[in-house]
Amino acid sequence: MKLHSLRLCAFGPFPGQETVDFDALGAEGLFLLRGRTGSGKTSVLDAVTFALYGKVPGERDHNMLKSHHAPPEREPVVELEFSCGEQRWWVRRTPPYWRPGRANAVGSTIQLKRLLGGDWEPVTSGVQAANAELQQILGLNVDQFTKVILLPQGDFAEFLHASSKEKQELLERLFDTHRFRALEMALAEAAKASEEQISRLQAQIEHQASTLRRDAALLLGAEHCQEQQLDLDGTPEDQLGELVAQEAATVQRQLAARTAQAAQAAQDARREAEHQAARRRELLAYQQYQQDLADHQGQAEEAEASRRLRDRHMAAVQIASWLKEAESAQQQAASAQAEAQLEARRAAQVLAEQNEVSVDPLTDAEGLPQEAAIETVLERLTALRSSLTEQDARQLEDQQAALRSQAQQLRQQAEEARQAQEQLQAEIETLGGRREELAAEQTDLEQLDQQRQAAQQQLQAASHRAELTQQRDAAAQQQQRTQRAAEEARQQAQAAAQSHTEAVRRRLDGLAVELAEELQPGKPCRVCGGTEHPAPLQAVEHTVSRQEVDRARKAERQALTAAESARAAYDAARARLEELRAALGEHGQTSTAEAARLAEQAQQRLDQLDAERTRQRRLSVQLQELTEQMHTLQQQHAESGHRAERCADQAQRAEQDAQQLEHRLATLRGVHPSVQDRLQLVEACAEALHQALEAHRQHQSRIAQAARTAEAAQREITGSPFAGAQEAAAAVLDDQQLAEAEQIITAYQDEAKRLEFTAAQAEVTAGRRRHQAAEQLPSQEAVEAAAEQAAAAEEQLQGRRKEQTAFEARQQGVTDCISALGQALAAKGAQAGEQQLRADLAAAVNGRGQDNPMRMTLTTFVLAAKLEQVALAASRHLLTMSEGRYRLLHDDEGGSGAAKKGLDLKVHDEHSDEYRPTSSLSGGETFMASLAMALGLAETVQSESGGLGMESLFIDEGFGSLDDQTLEAVMTALHTLQGEGRRIGVVSHVTEMHQQIPVQLKVTKTTTGSTLTMVGTA
């Protein structure tokens, strides 16, 4: 993240409007934030934090952020412009404050915008939504942000000397370890729950064993337990189930044997009782059948007499039916005669009302129709109807109506054609005016094409410049990256050279020691030739072999080669950047956004010309279409006039044809209103005659039917057993007599069927065989005695079965209890191993147990890994500040006794190759180590938060404890950070810092508040 500008008003100690241009301050990479104590240096950083998070570090209340020096009506506001990655953002936030004249405080507000295409586009204005969006953009919470952007050296000096517990409190605020803490608690709770489950299972086992001992004693009985010498109470729980199951099976077999004996005795007694009862029942059934058969034979004569009476009754009823049908036929013939006379009178009345044909008398003396006379009149009416229909009067009338309707339609069409002609004339005049308007709007297309060609050339030039500016910015970033890489490679080459030099020195020292060891009193030295050796060189530690010197020399050459390659890449990137700037020429300082805006303006101009050319072409097409429409309308105008004249002529001819048809229709109508009325009268006369003729013929048919029915009734009497109709009538029975006869006949027939069925029954057949075998009928007392013996045997059997069933029921309960006890024992066995595993795991992650001798919890272990990362990142900076002497390392062996371990630090002195506690560092060394820790922690937090690059950093105080040489080393380290593309603001009141950092943001404190002044910026 990079800060660009800050504007604040009525905020903290600043009563007025103050503006900070971080781009100008950070142009050289390093600037100083200075001012007297209490002037408001920290308030500048508070304003940045408040703009991003709506909070300020520490315990201060964000509701009290308005400046006490500002007028009451002035609104406190902070505006911050910053960028993350390639996106630029602007945020404006106001804290709550009291305004005069209002009962309640003015609430906090926020606006968030982003830069798109040169314009600020609003993102959101809701406080919660904006806070969530900013959190997503930054990837850090407020605590992490304040530790990353503002490096509090004093806090980290305390951190170096703090205990593991105190370090853990700070690290937990910076790194999210809630899930590991939750895992520790979850595993502890799981171990506790598993232990409680084991206790519950043991209680369940004891309960099940007690229940099983009680139920088994009831099931087996005291007698069986004594006989078998069973000790249920003394049997172990894991053997109790098997013992009870075996003894219960033995008792069950004994009960089953006694039940089987009782069942066999009951079966034998039941068979004897059934045999005695069956013999008595079968013999009694056969005796009853013989008695019923004799009674039925005595009823045969009465049944025959009843059958004869019923047969004569049925014959008499049939004759009565024929006689009744003959009487009905006579009545229908008389009714048909009356109907024929009525229809004849109606026909005569209808004919009397017409004068179309002559009519003869239609009835005889009795008033019945005469068929010949009716047919003669019908022939005359048919001839008249044919003459009327041959002329097709209906068609003539339809033609006349159609001609008159056609004439009316033609007159209407002529009028419509004249109106259409007038309307077309008005449209022609309107289109003429529109064509003149379009002609006035036309411009020269050739001129437009020339303007478009010029705009297109401008667009190509602007697009090319925009592309070059993007390449320039990319080349500038590439130059920065290669510059950093070249600097790192140079430092690595320098370190490799130092390592090689040191290796050569140690190698020479080692050779000198070897020569000194060869010296002997009185013998010359191989180097100087002297025979006296007053102070031979003593042995030194860490001698270096030739191979190690060669490796150091090879590493130096490789590092130099890498440095040269990195420098070449940097030179190439710088040359490419200069090449792009030269290509841009006078536009070399144009920003990418400005170049894109100019290209967009050129594109808009080209789009406007394209739109105008399209509009002119559309106007030409519209003029052509208007001309064609006018020509079409003129043709339609002429056609409408011709159509009006044609319709008028056709209407006149249709009127003439209708008059000619009127003369022909008058002849056909006669005295009637229409030909149709005359034809309807003829049809009515013919219909009346047809009705009379049909009634006459129906009358003749009914007379013939009555004669045939009378003859059939006489034939039926002749073939019956009766002498005449009177005798037949006397043979008819009333309903009661007929029912009594039917009852006697039916009863006799039903009894015959029943006896036939009974004779075939098994009991009667068996009784017949026993009667033929001369078997005696058993007495009722003998049968009852055998039944009593069978019942007694059955009762004894049921008692045995109940005893066995009760035992099996109790046995099932005991079996269930055995199963429950076995399940509980199995569950406890399975749970025991898992419970031990959970207990060991919970103890390990919570810092207890034999497998965790360092007593580190899981959270502490994770934080130790984070601390190791922090120490690794801090060592890179500390090596630079201490000129390669000190390195920070994570120490997991610190602490003593029951104190927490795993979060300690130690220092490795590269000069003496010794490990020292951080408390052994001097004041200046402590400052360098603290600053390195702050930088390392910032980098680690950035990495943990998604790799957000913090290009703007502030380092707070602590430089006063450094000597000149150490201060120079620290400044070198800061310039290294500057070379990595960061903007570093140093908060200090040290005079030497004021001299070494010319670009400054000065905070001036007065009695009316503080002000900000930028010093040393362009």
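The rules behind each value
Residues numbered from 1 in each chain as written. Predicted model: local features only at pLDDT ≥ 70, side-chain atom pairs only at ≥ 80, totals over all residues. Heavy atoms only, no water. Pairing = 2+ DSSP bridges. Helix = DSSP H or I, 4+ residues; strand = E, 2+ residues; numbered from the N terminus. Axes fitted to C-alpha atoms, helices over the stretch in contact; angles between N-to-C directions. Contact = heavy atoms within 4.5 Å. Buried < 20%, exposed > 50% of the residue type's maximum accessible area, 1.4 Å probe, protein only. UniProt positions renumbered as here; feature names shortened; annotations may be inferred. Parallel < 35°, antiparallel > 145°, perpendicular 65-115°, else oblique. Phe/Tyr/Trp six-rings, centres within 6.5 Å; stacked < 30°, edge-to-face > 60°. Lys NZ or Arg CZ within 6 Å of the ring centre and 35° of its normal. Left-handed = near helix turned anticlockwise from the far one by under 90°. Expected span 1.5 Å × (residues − 1). Salt bridge = Lys/Arg side-chain N within 4 Å of Asp/Glu carboxyl O. Core = buried A, V, L, I, M, F, W, Y, C linked by side-chain atoms within 4.5 Å. Domains from an automatic or database assignment. 1 Å grid on protein atoms, 1.4 Å probe; cavity = no way out; pocket = protein on both sides within 12 Å on 5 of 7 lines; lining within 4 Å. Points joined across faces, edges and corners; volume = space filled by probe spheres on them. Polar contact = N/O pair within 3.5 Å; in protein donor to acceptor, adjacent residues only side chain to side chain.

**Things to note about the sheet that holds strand E11 (residues 914-917)**
Reading across the sheet, the 3 strands line up as E9-E10-E11 and stay open at both edges, with antiparallel pairing between neighbours. Every interior strand has two partners, whereas the edge strands, strand E9 (886-891) and E11, have only one. The sheet shows a mean angle of 35° between the axes of neighbouring strands, taken without regard to direction. Pairing of E9 with strand E10 (residues 904-909), which is carried by 6 bridges, proceeds in the antiparallel orientation. By the bridge assignment for E10, Asp-891 is matched with Asp-904. Packed on one face of the sheet, helix H21 (residues 858-881) meets E9 and E10 and runs near 175° to E9.

**Quick word on unusual backbone geometry**
Positive phi values are uncommon outside glycine, yet Glu-883 reaches one of about 55°. Among the secondary structure elements, Glu-883 is positioned in the loop between H21 and E9. Residue Glu-883 is classed as exposed on the basis of its relative accessible area of 54%. Look at Asp-913: it is not a glycine, yet its phi comes out positive at around 55°. Looking at where Asp-913 falls in the secondary structure, it is placed in the loop between E10 and E11. Asp-913 gets classed as partly exposed once you look at its relative accessible area, which sits at 43%.

**Notes on the UniProt feature "coiled-coil region" (unreviewed entry) in the protein chain**
The residues that UniProt annotates with the feature "coiled-coil region" (unreviewed entry) are residues 184-211, 256-346 and 696-758. Split by type, residues 184-211 is 100% helix and 0% strand. Its first and last C-alpha atoms lie 41 Å apart.

**Quick notes on the packing of helix H9 (residues 237-297) against helix H19 (residues 762-772)**
Describing two packed helices takes the angle between their axes plus the distance from one axis to the other. Running from N to C, H9 and H19 cross one another at 95°; their axes reach a closest spacing of 7 Å. With respect to each other, H9 and H19 are oriented roughly perpendicular. Residues Arg-279, Arg-281, Glu-282, Leu-283, Ala-285, Tyr-286 and Tyr-289 of H9 form the contact with H19, whose participating residues are Glu-763, Val-764, Ala-766, Gly-767, Arg-768, Arg-770 and His-771.

**Overview of the pairing of E11**
Two elements, E10 and E11, share 4 bridges in a ladder whose sense is antiparallel. Note that in E11 the partner of His-908 across the bridge is Tyr-915.

**As for the environment of His-224**
Its place among the elements puts His-224 in helix H8 (residues 222-228). For His-224 and Glu-247, which are 23 residues apart along the polypeptide, the C-alpha to C-alpha distance reads 9.0 Å. Setting aside anything within four residues of it in sequence, one finds His-224 in contact with Leu-230, Glu-247 and Val-251.

**Section: the packing of aromatic side chains**
Throughout the structure, instances matching the rule amount to 3 aromatic pairs. Ring geometry for Phe-22 versus Phe-954: centroids 6.3 Å apart, planes at 75°, classification edge-to-face. On the criterion of sequence distance, the pair formed by Phe-22 in helix H1 (residues 22-25) and Phe-954 in strand E12 (residues 952-956) is long-range, its members being 932 residues apart. The same class applies to Phe-22 as to Phe-954, namely buried. The residue whose ring lies beneath Arg-93 is Phe-50, and the NZ or CZ to ring-centre distance is 5.9 Å. A cation sits over an aromatic face here: Lys-906 above Tyr-915, 4.7 Å from the ring centre.

**A closer look at the packing of helix H7 (residues 178-220) against H21**
For the pair H7 and H21, interaxial distance at closest approach is 8 Å and the crossing angle is 155°. If you check the angle between H7 and H21, you find them roughly antiparallel. The handedness of the crossing between H7 and H21 is right-handed. Facing H7, whose interface residues are Phe-180, Arg-181, Leu-183 and Glu-184, H21 presents Leu-858, Thr-859 and Val-862.

**Examining helix H18 (residues 735-759)**
The terminal C-alpha atoms of H18 lie 36 Å apart, and with 25 residues this matches the ideal 36 Å at 1.5 Å per residue to within 8%. Within the sequence span of H18, burial applies to Ala-741, Ile-745, Leu-755 and Thr-758. Check the buried side of H18 and you find it contacts H9, helix H10 (300-352) and H19.

**Examining the pattern of salt bridges**
Summed over the entire model, instances satisfying the criterion amount to 23 salt bridges. Residue Arg-92 pairs with Glu-75 through a salt bridge whose shortest N-O separation is 3.2 Å. Note that Arg-92 is positioned in strand E5 (residues 87-94) and Glu-75 in the loop between helix H2 (41-53) and strand E4 (77-84), a separation of 17 residues in sequence. One salt bridge in this structure joins Glu-803 and Arg-800, with 3.7 Å as the shortest N-O distance. In this pair, Glu-803 and Arg-800 are both assigned in helix H20 (residues 780-845), 3 residues apart and thus about one turn of the helix distant. When its relative accessible area of 37% is taken as the criterion, Glu-803 is described as partly exposed. Arg-800 gets classed as partly exposed once you look at its relative accessible area, which sits at 28%. Each of Arg-7, Glu-75, Glu-79 and Arg-92 takes part in one network of salt bridges that share partners.

**So, the nonpolar core**
Within the largest apolar cluster, 83 residues are counted, with the highest numbers of intra-cluster contacts made by Met-1, Leu-3, Leu-6, Leu-52, Leu-80 and Phe-82. For this core, the element with the most residues is helix H22 (residues 923-944), which contributes 9 residues. Both domains that meet at this core, namely domain 1 (2-149) and domain 2 (853-1015), each give it at least three residues. Those residues in contact with Leu-6, other than ones at most four positions away along the chain, are Glu-18, Thr-19, Val-20, Phe-22, Val-44, Ala-47, Val-48, Val-78, Glu-79 and Leu-80. Of all hydrophobic cores here, the second largest spans 19 residues; its members include Leu-212, Leu-219, Leu-230 and Leu-255.

**Remarks on empty space enclosed by the protein**
Gaps left between atoms show up when a probe the size of a water molecule is rolled over them. Counting across every chain of the model gives 2 cavities of 30 Å³ or more. A volume near 40 Å³ is recorded for the second largest cavity. Here the element with the most residues in the lining of the second largest cavity is E12; it accounts for 3 residues. Taken domain by domain, the lining of the second largest cavity gets at least three of its residues from each of domain 1 (2-149) and domain 2 (853-1015).

**A word on the sheet that holds strand E1 (residues 2-11)**
A sheet is described by the order of its strands in space; here 6 strands give the open sequence E2-E1-E4-E5-E6-E7, paired in antiparallel fashion. Of all strands in the sheet, those with a lone pairing partner are strand E2 (14-21) and strand E7 (119-124), marking the two edges. If you compare each strand with its neighbour and ignore which way they point, the axes differ by 20° on average. Here E5 pairs with strand E6 (residues 109-116) via 6 bridges, running antiparallel.

**A look at the side chain of Arg-983**
Here Arg-983 lies in strand E13 (residues 983-987). A polar contact of 2.8 Å, which involves the side chain of Arg-983, links it to the backbone oxygen of Leu-3. A distance of 2.6 Å separates polar atoms of two side chains, one belonging to Arg-983 and the other to Asp-23. Aside from chain neighbours lying at most four places away, what touches Arg-983 is Lys-2, Leu-3, His-4, Phe-22, Asp-23, Gly-26, Gly-29, Glu-951, Ser-952 and Leu-953.

**As for the pairing of E10**
In terms of burial, E10 is a largely internal element, 5 of the 6 residues being buried. Taken together, E10 and the strand that follows it, E11, pair antiparallel across an intervening segment of 4 residues, in which Asp-913 is found at a positive phi of about 55°.

**Observations concerning the environment of Gly-12**
Tracing the backbone shows Gly-12 in the loop between E1 and E2. Setting aside its immediate chain neighbours within four residues, Gly-12 contacts Leu-65, Lys-66, Ser-67 and His-68.

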